Amino acid sequence: MTLDVEDNEEQNLIRVFPGAKKFIDEAISAGGRVLVHCNGGISLSPSFVVMFVMQHYQLSWEDALHMVQNRRYCISPNGGFLTQIKEYEAIYRANIAVQSYPQNRPAVPRRKRSDDDDDEDDRLMRSHLHRPDDRSKRALVKSYSEEIDPNAMEIS
């Protein structure tokens, strides 16, 4: 696989990384190996390797960078690539969270109300439909000057 990317801080690696990762994953799953290289092996190709290692081993960007630096001590991603590596950690972690979230969550059981409550709720709903500006609410605190609502919470 050959990627048309430049070794400059303006180059968007995050946009092209998914294709590179797919290529690497397929090669590894087929029992192969992948050589990731660029002209100097200092900034561009190590940035891709750090992003791959970070996601593959679910590491922080710092841990992935140190892991790659321990194998090739001279790597030094440029500032733009380093910023993208940091940003990519949040992206891959968000993707993991979305994938692990259950798609068909069980419905939350709802508490049944008595018929009296339903009738009162229907009456209130109808009155609000006819008077949209009326924002009447039931009192939540007992006041000596007001009538006490039996459904209100009492604070003692």
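The rules behind each value
Residues numbered from 1 in each chain as written. Predicted model: local features only at pLDDT ≥ 70, side-chain atom pairs only at ≥ 80, totals over all residues. Heavy atoms only, no water. Patch = residues over 30% accessible without salt bridge, like charges linked within 9 Å, V, L, I, M, F, W, Y side chains within 5 Å. Areas by Shrake-Rupley, 256 points an atom, 1.4 Å probe, with all protein chains shown as cover. Salt bridge = Lys/Arg side-chain N within 4 Å of Asp/Glu carboxyl O. Helix = DSSP H or I, 4+ residues; strand = E, 2+ residues; numbered from the N terminus. Buried < 20%, exposed > 50% of the residue type's maximum accessible area, 1.4 Å probe, protein only. Axes fitted to C-alpha atoms, helices over the stretch in contact; angles between N-to-C directions. Parallel < 35°, antiparallel > 145°, perpendicular 65-115°, else oblique. Left-handed = near helix turned anticlockwise from the far one by under 90°. Contact = heavy atoms within 4.5 Å.

On the surface, M1, L3, F23, V34 and V36 cluster together into a nonpolar patch covering about 380 Å² of accessible area. When you line up the elements, V34 lands in the loop between α1 (13–29) and α2 (44–56).

With that settled, consider the pattern of salt bridges. Any two side chains of opposite charge can pair, so long as their charged atoms come close to each other. On inspection of all chains with the given rule, the structure shows three salt bridges. Put simply, K21 and D25 hold a salt bridge, and the shortest N to O gap is 2.5 Å. Of this pair, K21 and D25 both sit in helix α1, four residues apart, roughly one helical turn. Take K21: its relative accessible area is 15%, and that puts it in the buried class. Owing to a relative accessible area of 27%, D25 belongs among the partly exposed residues under this scheme. Where K22 meets E26, a salt bridge forms, and the shortest distance between an N and an O atom there is 4.0 Å. Of this pair, K22 and E26 both sit in helix α1, four residues apart, which is roughly one turn of the helix.

This next bit is on unusual backbone geometry. Of note, Q58 is a non-glycine position whose phi angle comes to about 50 degrees, a positive value. Its location among the elements puts Q58 in the loop between α2 and α3 (61–71). The class for Q58 is partly exposed, based on a relative accessible area of 48%.

A separate point is the packing of α1 against helix α4 (residues 79–100). Contact geometry for α1 and α4: axes closest at 10 Å, N-to-C directions at 60 degrees. On the basis of their axis angle, the class for α1 and α4 is oblique. The crossing of α1 and α4 is right-handed. Between α1 and α4, the residues in contact are L13, I14 and F17 and F81, Q84, E87, Y88 and I91, respectively.

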